[in-house]
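Here is what each chain is made of, one letter per residue.
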Amino acid sequence: MRALPLANLAVLAALCFSSPARSAPAHASSKAPAASTGAPASTAAPAPGAARPASAPAASRPIEGPCRDLLSALPSGKLEPAPYLAAAACLRLQDSLAARPGDKGPHSPLERMIRSASGRSPSASDSILKARLPDDKNWLMTCMERMRVRRDVAGIQDMAYLAEAKGTADPDLYRELSALYLTIPDTYRAGLALLRQAEVDSLQGGYIQYQLESLTHYAGSDVPAEELLDSLTSGYVHRNIRTAEMLESLCWSSRAYPAAYRNLLAMMDLKNPGPSLVLERVNRFQSLGYFDYAAAILDKLAWRKLSQPWLTLARTLHLQIRNQLQDWPAITAEAQASTVTGQVRPPQLSDEETFIVANAFLKLGRPEETLARVKGLEDKGEAPWGFRGRLLKAQAQMALGRSKEAGQTLDALKRDPKRREATGPILFWQACLALDQGRDVSADSLLVLASAYTGAEESQRALEYRFFLLVDTGKARAPFFKGLPESPHSPAERRISLDRVDAQSGLWPFAQLEKAQILLQNGEPDSAEAVFDLVSKRSPDRLAGFQAEAKAAFTAEKLPGGRQAALARYEDLLIKYQQGVIPEFSRGRIKALR
């Protein structure tokens, strides 16, 4: 673009520094398009030597709405900002009226441009503004700076609207646009402008990252960092991996984990970031308890096609996550796979993987396969998986009805002089064996001892068992304990036992919750949800009712169209029950779903 003479620059500055009119011009130019048709009127060819329009005329799409006359009367390439600002004010109002509560649709030229597949705004009004505004970047920059200095909120919003509509690929424009929005302040639109700047400017990535991080704790804004990052993740469509990397890194530092997950998926769609980075992120999500996120990322990675050492690491993560999700069929299917890709045989299972697979077979009612799998773990000595393998052997023997052998296995493990593991887990499983044999007094004593060994998973479960023993001392005890997951019976037998717990018993809601878990494992989510609903409405125990409501919402997430229903249930739980584990779980799921 050729430089303007000094005289013209002086005129430009004077026009921008003057107070712009906040309404439409009193009369339209004789060359303005007719208001009745909404189409631009033809004009005579400019005389030789006369100034030509800054750009081609706008598209001939018809203009409708209350801003039609203002758009039709817009001059082309003029330095007087008043008519453009008046049109922007009208269009801003029109966009705001089109928005609805909770609506996350595009309601500004920049949002429309970002979300368009072509990278250009599909709006006819945006096209007209882009065509009629001057092409001189200095004009836009000078007017934006003037509005920012004057702190005229309405003028700032109108000028920002014009800058967005112009939609140039100049990074300086978006840098100034971000600064303009911060004077309002509007950190969300400032963030969109910075991400757009990063997309068109590959040299200022570090500085833009710093500016984005500053937005999350900007003193003039009361928008929480997590909410801001979630909005930016929803509003920005990444076309360049740089922007996805920036936003993902910022989400991690601000602990906005659901938004970090979505940006990571966007990174993987744009470019393969490599197994090292992806598996590290899987490990992060797993350690934070976002098992569903970790599983989805692994599936997207197609880890079975990786080379070593990534293949072994990925398979371990896969089995760990599926174990945490209690997806027993997926674990056994992976263990029985003969090939990974082509003719490449899978690497040998590690001790941890062997234990996970053996436990999955036991959960599916195949204890014989469990005994075959744990043979290799019994001689591990000091290894933790050897200790766990011997406990699993006793559980498999209980499931096969060989209670005497199970007791001998547990006694031998308890007296083993080489054992350095805590005694608590052994005591717990001895209590489970006693309960299965109807020796309630011995079981209660063993559970008291097991619960004293804090830090082990079995000690917490022992406390729950002691609570169940106190809830009902009558005939409902035996069928209830035979239906629990630790019971050495098949899922079908456990379900029958749980149905025998009388509705008048205090154990009834807990029995129904266990029954629903069996239904979910059998692939019957509708039946499980019906049980959860029944417990949440009729349970005399409030805690059991809240737990049923939370599990029902979690189940609804997986059903077609159940996302909004799950959100409503989680929000209702937060209102009913303000503190404790269940509200924290609900709060986390709300963040994940949004």
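Values in this document were obtained by computation on a predicted structure and should not be read as measured data. (Residues numbered from 1 in each chain as written. Predicted model: local features only at pLDDT ≥ 70, side-chain atom pairs only at ≥ 80, totals over all residues. Heavy atoms only, no water.)

Remarks on the overall build of the protein
Line of reasoning, step 1. Scanning the protein from N- to C-terminus turns up 31 helices and 0 strands.
Line of reasoning, step 2. In the protein, which comprises 594 residues, the proportion classed as buried is 46%.
Line of reasoning, step 3. Here the protein displays about 29,000 Å² of accessible surface, and carbon together with sulfur accounts for 53% of that area. (Helix = DSSP H or I, 4+ residues; strand = E, 2+ residues; numbered from the N terminus. Buried < 20%, exposed > 50% of the residue type's maximum accessible area, 1.4 Å probe, protein only. Areas by Shrake-Rupley, 256 points an atom, 1.4 Å probe, with all protein chains shown as cover.)

Some points on the packing of aromatic side chains
Line of reasoning, step 1. For the coordinates displayed, the defined rule picks out 19 aromatic pairs.
Line of reasoning, step 2. Consider the rings of Tyr-290 and Tyr-293, whose centres lie 5.2 Å apart with planes at 15°: the pair is stacked.
Line of reasoning, step 3. Among the residues examined, Tyr-293 registers a relative accessible area of 7% and is labelled buried.
Line of reasoning, step 4. Counting every residue linked through ring pairs, the aromatic cluster contains Phe-428, Trp-429, Tyr-465, Phe-467, Phe-468, Phe-480, Phe-481 and Phe-510.
Line of reasoning, step 5. Residue placement shows Arg-284 over the ring face of Trp-252; its charged tip is 4.7 Å from the ring centre. (Phe/Tyr/Trp six-rings, centres within 6.5 Å; stacked < 30°, edge-to-face > 60°. Lys NZ or Arg CZ within 6 Å of the ring centre and 35° of its normal.)

Focus: the state of the cysteines
Line of reasoning, step 1. If you walk through the whole model with that rule in mind, you get 1 disulfide.
Line of reasoning, step 2. With a sulfur-sulfur separation of 2.0 Å, Cys-67 is cross-linked through a disulfide to Cys-90. Taking the sign of the S-S torsion, about -95° here, the bridge from Cys-67 to Cys-90 comes out left-handed. Placement of Cys-67 in the loop between α1 (6–17) and α2 (68–72) and of Cys-90 in helix α3 (residues 82–98) is noted, with a sequence separation of 23 residues between them.
Line of reasoning, step 3. Exposure remark for Cys-67: the relative accessible area of 2% places this residue in the buried category. (Disulfide = S-S within 2.5 Å.)

Regarding helix α21 (residues 403–415)
Line of reasoning, step 1. The end-to-end C-alpha separation of α21 is 18 Å, in line with the 18 Å expected for 13 residues at 1.5 Å each.
Line of reasoning, step 2. Along α21, the residues that are buried comprise Ser-403, Ala-406, Gly-407, Thr-409, Leu-410 and Leu-413. Looking straight down α21, one finds its buried side chains confined to an arc of 160°; they lie on one side. When the buried face of α21 is taken as reference, the exposed residues oriented beyond 90 degrees from it are Lys-404 and Arg-415.
Line of reasoning, step 3. Looking at the buried positions of α21, the neighbouring elements they touch are α20 (384–399) and α22 (424–436). (Expected span 1.5 Å × (residues − 1). Arc of directions from axis to C-beta. Contact = heavy atoms within 4.5 Å.)

Remarks on the confidence of the model for the protein
Line of reasoning, step 1. On average, residues of the protein carry a pLDDT of 81, and 81% of them reach 70 or more.
Line of reasoning, step 2. Mean pLDDT across the secondary structure elements of the protein bottoms out at α1, with 43, and peaks at helix α14 (residues 275–288), with 94.
Line of reasoning, step 3. Every residue in residues 1–15 is under pLDDT 50, and counting partners more than four places away or in other chains gives 13 contacts.
Line of reasoning, step 4. This model gives residues 338–343 a pLDDT under 50, and the stretch forms 9 contacts once residues within four places in sequence are excluded. (pLDDT = per-residue confidence, 0-100.)

A word on helix α23 (residues 440–451)
Because an α-helix completes one turn every 3.6 residues, residues spaced three or four positions apart along the sequence face the same direction.
Line of reasoning, step 1. Between its first and last C-alpha atoms α23 spans 16 Å; for 12 residues at 1.5 Å apiece the expected length is 16 Å, and the two agree.
Line of reasoning, step 2. The inward-facing, buried residues of α23 contact α22 and α24 (457–471).

Overview of the nonpolar core
Line of reasoning, step 1. Core analysis: the largest hydrophobic core is formed by 80 residues, its most contacted members being Leu-129, Met-159, Leu-177, Phe-285 and Leu-298.
Line of reasoning, step 2. The contacts of Leu-298, once residues within four sequence positions are left out, are Leu-279, Val-282, Trp-303, Ala-314, Leu-317, His-318 and Ile-321.
Line of reasoning, step 3. Listed in part, the 36 residues of the second largest apolar core include Ala-394, Leu-427, Leu-433 and Leu-498. (Core = buried A, V, L, I, M, F, W, Y, C linked by side-chain atoms within 4.5 Å.)

So, the packing of helix α9 (residues 187–200) against helix α11 (residues 225–235)
The angle between the axes and the distance between the axes are what describe a pair of packed helices.
Line of reasoning, step 1. Axis separation between α9 and α11 bottoms out at 10 Å; the angle between their running directions is 50°. By the criterion of interaxial angle, the relationship of α9 to α11 is oblique. Crossing hand, α9 versus α11: right-handed. Contact with α9, carried on its side by Thr-187, Tyr-188, Gly-191 and Leu-192, involves Leu-228, Ser-231, Leu-232 and Gly-235 of α11 and no other residues of that element. (Axes fitted to C-alpha atoms, helices over the stretch in contact; angles between N-to-C directions. Parallel < 35°, antiparallel > 145°, perpendicular 65-115°, else oblique. Left-handed = near helix turned anticlockwise from the far one by under 90°.)

Some thoughts on the environment of Asp-436
Line of reasoning, step 1. Mapped onto the fold, Asp-436 is located in helix α22.
Line of reasoning, step 2. Each C-alpha atom, one on Asp-436 and one on Phe-481, is 7.4 Å from the other, the two residues being 45 residues apart in sequence.
Line of reasoning, step 3. Apart from the residues lying within four places of it in its own chain, the contact partners of Asp-436 are Lys-482, Pro-488 and His-489.
Line of reasoning, step 4. Reaching out from Asp-436, the side chain makes a polar contact with the side chain of His-489 at a distance of 3.0 Å. (Polar contact = N/O pair within 3.5 Å; in protein donor to acceptor, adjacent residues only side chain to side chain.)

Remarks on empty space enclosed by the protein
Line of reasoning, step 1. Inspection of every chain in the model, using the stated rule, returns 4 cavities of 30 Å³ or more.
Line of reasoning, step 2. In this structure, the largest cavity occupies an estimated 60 Å³ of space.
Line of reasoning, step 3. The wall of the largest cavity is formed by Cys-432, Leu-435, Asp-436, Tyr-465, Phe-481, Lys-482, Glu-486, Ser-487 and Pro-488.
Line of reasoning, step 4. Among the secondary structure elements, those contributing two or more residues to the lining of the largest cavity are α22 and α25 (477–482). (1 Å grid on protein atoms, 1.4 Å probe; cavity = no way out; pocket = protein on both sides within 12 Å on 5 of 7 lines; lining within 4 Å. Points joined across faces, edges and corners; volume = space filled by probe spheres on them.)

So, the packing of α21 against α22
Line of reasoning, step 1. Direction vectors running N to C along α21 and α22 enclose 160°, while the axes themselves pass 10 Å from each other. The orientation of α21 relative to α22 falls into the category roughly antiparallel. For the crossing formed where α21 meets α22, the hand is left-handed. Facing Ser-403, Gly-407, Leu-410, Asp-411, Leu-413 and Lys-414 of α21, the residues of α22 in contact are Ile-426, Leu-427, Trp-429, Gln-430 and Leu-433.

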